[in-house]
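Remarks on the overall topology
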Amino acid sequence: MRIGVIGATGPAGQAVAVQFAGIGFEVVVGSRSLDRANDTVSALHDRWEGRQLSLVPGDNEAASGADLVVVATPWDGVLSTVAALEGQLAGKIVVSMANALTKWGKNMVPLLPPTGSVAVAVARALPASRVVGAFHHLPAGPWSDLDHQLDADVLVCGDDREATSEVVGLVDRLPGLRGVDAGGLASALAIEALTAALLEVNRRYKTHAAIRLTGLPARREA
Ligand SMILES: NC(=O)c1ccc[n+]([C@@H]2O[C@H](COP(=O)([O-])OP(=O)(O)OC[C@H]3O[C@@H](n4cnc5c(N)ncnc54)[C@H](OP(=O)(O)O)[C@@H]3O)[C@@H](O)[C@H]2O)c1
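What counts, and where the lines are drawn
Residues numbered from 1 in each chain as written. Predicted model: local features only at pLDDT ≥ 70, side-chain atom pairs only at ≥ 80, totals over all residues. Pairing = 2+ DSSP bridges. Helix = DSSP H or I, 4+ residues; strand = E, 2+ residues; numbered from the N terminus. Axes fitted to C-alpha atoms, helices over the stretch in contact; angles between N-to-C directions. Contact = placed C-beta atoms within 7 Å. Buried ≥ 20, exposed ≤ 12 C-beta atoms within 10 Å, placed from the backbone. Expected span 1.5 Å × (residues − 1).

Reading across from one edge, E3-E2-E1-E4-E5-E8-E9-E10 is the order of the 8 strands in this open sheet, with mixed pairing throughout. The outermost strands of the open sheet, each flanked by one partner alone, are strand E3 (55–59) and strand E10 (177–181). On average, each strand axis in the sheet is inclined to that of its neighbour by 25°, with strand direction left out of account. In this sheet, strand E2 (residues 26–31) lies alongside strand E1 (residues 2–6) in parallel orientation, the contact comprising 4 bridges. Each residue of the ladder has a partner; that of Gly4, found in E2, is Val28. Each of strand E5 (93–96), strand E8 (130–133), strand E9 (152–158) and E10 is contacted by helix H8 (residues 161–173), which is oriented at about 165° to E10, the strand it contacts most.

Looking now at the environment of Leu85. The residue Leu85 is located in the loop between helix H4 (75–83) and helix H5 (86–89) in this model. Residue Leu85 is classed as buried on the basis of its 23 C-beta neighbours within 10 Å. Distance in space between the C-alpha atoms of Leu85 and Leu126 is 8.9 Å, their sequence separation being 41 residues. The contact partners of Leu85, leaving out residues within four places of it in the chain, are Asn60, Glu61 and Ser64.

Here we come to H8. The terminal C-alpha atoms of H8 lie 19 Å apart, and with 13 residues this matches the ideal 18 Å at 1.5 Å per residue to within 8%. Here the buried face of H8 lies against E5, E8, E9 and E10.

Burial analysis of E1 places 4 of its 5 residues in the buried class, the great majority of the element. Pairing geometry for E1 and strand E4 (residues 68–71), over 4 bridges, is parallel. Across the sheet, residue Ile3 finds its bridge partner in E4, namely Leu68.

Take a look at the structure:
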């Protein structure tokens, strides 16, 4: 399976790209500019010299040609970006990780999109795609460090239950992460908004918090 990341030149997209490449996937590092994609891939290969990371630069259209596509642009760029790629994304799992947030004075606060969440807006814009929300709470800095694994749960939500399970399974393969099925796409409202609270935690404690749920049954080994 090839994974494409749209907006992979930013910290979040780079973290997704190196983590999946780190477990052996070929990852298309997408950007609106092929030059920026090339620069990003060179920088990642330099940083992780000695590791066999299969990172391929491309424009966002090339990234959307992959088998599973992660959208890692800022929330206000998501809709125009995916709408322009609707045809290429049809039939595919499209992972939305964007959080609609803004600053209110010094505080980071959630915004409420008319659809309730960015993920639902993506699903409306891509009726033929299998839209799943994931990765909203992972702090990109520590998560992009292949030498230090981030221990965290990833809340995954989607109305396509098979696609949601597939993404939970993929998350489980990433070092330190546990995928948790958080229900249908309606859960994205709470998941995305929670990111604002986590960023406030980070600001106050000068850290990069992630989440771990308690009370889940131990996972059976396959
Ligand atoms: N940063 C984190 O720790 C983190 C963690 C979890 C989730 N997220 C979510 O992940 C997404 C990306 O976060 P980020 O911090 O990496 O963001 P970012 O650096 O601001 O943007 C990522 C990339 O998106 C592209 N982009 C910027 N504006 C765009 C627009 N209007 N339309 C289309 N593409 C645009 C740019 O790439 P090109 O110019 O190369 O196209 C940029 O490098 C956000 O929605 C954020 O809420 C972030």
